[in-house]
Amino acid sequence: MYCKLPTAQSMFIVGCNDINILNNDFSMIDTVTPVGTNIYLYAFTVGFTTASNIKGNNFNIFTNGGGAEAGTAYAIQVVKADLNITGNEIISKSNGPNLGIYAASMMGEDSNLYISDNFINVTGLATSASTGWGLVSGIEIQNGIGQIYNNTIYTYNTADYDENNYLYGVSYAQWMTGQRSLDVRDNVIVQKVSMQYQS
C-alpha cells in the first residue's frame, strides 16, 4: 500500500544567508514506485535565503513513478531566494511532470536568480491539460528575476506529440501571483517527444 503523496527530499534549507552548496553529488534513485503511482522527489529545496551559491554539483534523480499531471522529480526547487546557480549537471527522469530548476512562491515573493553554464537533461510526461500542471521544463521561473545564460538544456516528453503540450527548455508556463523578469541568452535547448522511457 502506498501513501497518497509520498515525498522525499535530499536537502532542505530555509532562512539562511551566505550558503555555499559546492561540488556535491545528489542521487535520488527510486526503483520501487510503479508507473502511474505518484511520488514527489526533491533533491534540493531552498527558501528565504540570500547571497548563496549552488555550484559544481551533480544531480541524478530517477523514478518510474508519476503520471499525467501528478508526481515530481525536481533537482532544485526555490522559494524567495537570491541564488547563483552555476556549473551544475542535472539529470532527472520520471513518468510525471518534471523540472530541473523550479522557482515559485504561492504568496508571490520574488527570487533573484543567476543561472548559467549548467547542463540540464529532464525527462517526464508533459500534457496539454487546461490546468497546466503537466509541465516538463529545464528551468521554470514563476516569481522574480531570472538571468539565464549559456546553459545546455535537453527536455524529453514521454507522451505522444501535441503542439499544446507543456514542454519547454526555459519557461514561465504556470501562472502565479507576483512579478517576473527573464533575461534568457546564449542557451542551447533541445526538445524531443515520444521518447521510450527506460529505467
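Before reading on, note that the structure itself is shown above.
Residues numbered from 1 in each chain as written. Predicted model: local features only at pLDDT ≥ 70, side-chain atom pairs only at ≥ 80, totals over all residues. Heavy atoms only, no water.

Asker: Run through the layout of surface pockets, naming residues and quoting values.
Answerer: By volume, the largest pocket amounts to about 400 Å³. Taken together, 19 residues make up the lining of the largest pocket; nearest its centre are Tyr74, Gln77, Tyr102, Met106 and Trp133. For the lining of the largest pocket, the secondary-structure elements that each account for two or more residues are β4 (40–55), β6 (72–86) and β8 (98–103). The greatest single-element share of the lining of the largest pocket, amounting to four residues, is contributed by β6. Here the lining of the largest pocket is composed, by residue class, of 13 nonpolar, five polar and one charged. (1 Å grid on protein atoms, 1.4 Å probe; cavity = no way out; pocket = protein on both sides within 12 Å on 5 of 7 lines; lining within 4 Å. Points joined across faces, edges and corners; volume = space filled by probe spheres on them. Helix = DSSP H or I, 4+ residues; strand = E, 2+ residues; numbered from the N terminus. Nonpolar A, V, L, I, M, F, W, Y, C, P; charged D, E, K, R; others polar.)

Asker: For the packing of aromatic side chains, give the residues involved together with the corresponding values.
Answerer: One pass over the structure, following the stated rule, counts eight aromatic pairs. An angle of 5° between the planes, with centres 4.7 Å apart, marks the rings of Phe26 and Phe59 as stacked. Of this pair, Phe26 sits in strand β3 (residues 25–30) while Phe59 sits in strand β5 (residues 58–63), and the two are 33 residues apart along the sequence. As far as the burial class goes, Phe26 and Phe59 line up, both buried. Ring geometry for Tyr74 against Tyr102: centres 5.3 Å apart, planes inclined by 65°, an arrangement best described as edge-to-face. Separated by 28 residues along the polypeptide, Tyr74 in strand β6 and Tyr102 in strand β8 bring together distant segments of the chain. When its relative accessible area of 11% is taken as the criterion, Tyr102 is described as buried. (Phe/Tyr/Trp six-rings, centres within 6.5 Å; stacked < 30°, edge-to-face > 60°. Buried < 20%, exposed > 50% of the residue type's maximum accessible area, 1.4 Å probe, protein only.)

Asker: Account for a nonpolar patch on the surface, with residues named and values stated.
Answerer: A surface patch of nonpolar side chains, about 410 Å² in accessible area, is lined by Tyr172, Trp175, Leu182 and Val184. Looking at Tyr172, the relative accessible area reads 32%, which means it is partly exposed. (Patch = residues over 30% accessible without salt bridge, like charges linked within 9 Å, V, L, I, M, F, W, Y side chains within 5 Å. Areas by Shrake-Rupley, 256 points an atom, 1.4 Å probe, with all protein chains shown as cover. Salt bridge = Lys/Arg side-chain N within 4 Å of Asp/Glu carboxyl O.)

Asker: Describe unusual backbone geometry, naming the residues involved and giving the relevant values.
Answerer: If you check the backbone angles, Asp18 has positive phi at about 55° while not being a glycine. Not every positive phi belongs to a glycine, and Asn150 is a case in point at roughly 60°.

Asker: Any details on the pattern of salt bridges? Residues and values, ideally.
Answerer: Overall, the coordinates contain one salt bridge when judged by the stated rule. Taking the shortest distance from any N to any O, the salt bridge between Asp183 and Arg185 comes out at 2.8 Å.

Asker: Can you break down the nonpolar core residue by residue, with the values?
Answerer: Judged by nonpolar contacts, the single largest core of 35 residues is most densely connected at Phe59, Ile76, Val78, Leu83, Ile101, Ile115 and Ile139. A per-element tally of this core places β6 first, with seven residues. In contact with Ile115, not counting residues within four places along its chain, are Ile85, Ile101, Ile139, Ile141, Gln147, Ile148, Tyr149 and Asn151. Residues Tyr40, Tyr42, Tyr166 and Met176 belong to the second largest nonpolar core, which totals 10 residues. (Core = buried A, V, L, I, M, F, W, Y, C linked by side-chain atoms within 4.5 Å. Contact = heavy atoms within 4.5 Å.)

Asker: I'd like a rundown of the side chain of Thr127, residues and numbers included.
Answerer: Relative to the assigned elements, Thr127 resides in the loop between β10 (119–124) and β11 (135–141). On the basis of relative accessibility, which here comes to 14%, the residue Thr127 falls in the buried class. The residues contacting Thr127, other than those within four sequence positions of it, are Ala68, Glu69, Gly134, Asn164, Asn165 and Tyr166.

Asker: So what's going on with the environment of Ile21? Which residues, and what values?
Answerer: As for its position among the elements, Ile21 is in strand β2 (residues 20–22). When the C-alpha positions of Ile21 and Asn53 are compared, they lie 6.1 Å apart, and in sequence the two are 32 residues distant.

Asker: Talk me through the sheet that holds strand β16 (residues 188–193); I want residue IDs and the actual numbers.
Answerer: Within the open sheet, the six strands sit side by side as β3-β5-β7-β10-β13-β16. Their pairing is parallel. Edge positions in the sheet fall to β3 and β16, since each has one partner strand and no second. This sheet shows a mean twist of 5° between the axes of neighbouring strands, independent of strand direction. Two elements, β5 and strand β7 (residues 89–93), share five bridges in a ladder whose sense is parallel. Across the sheet, residue Asn60 finds its bridge partner in β7, namely Ile91. (Pairing = 2+ DSSP bridges. Axes fitted to C-alpha atoms, helices over the stretch in contact; angles between N-to-C directions.)

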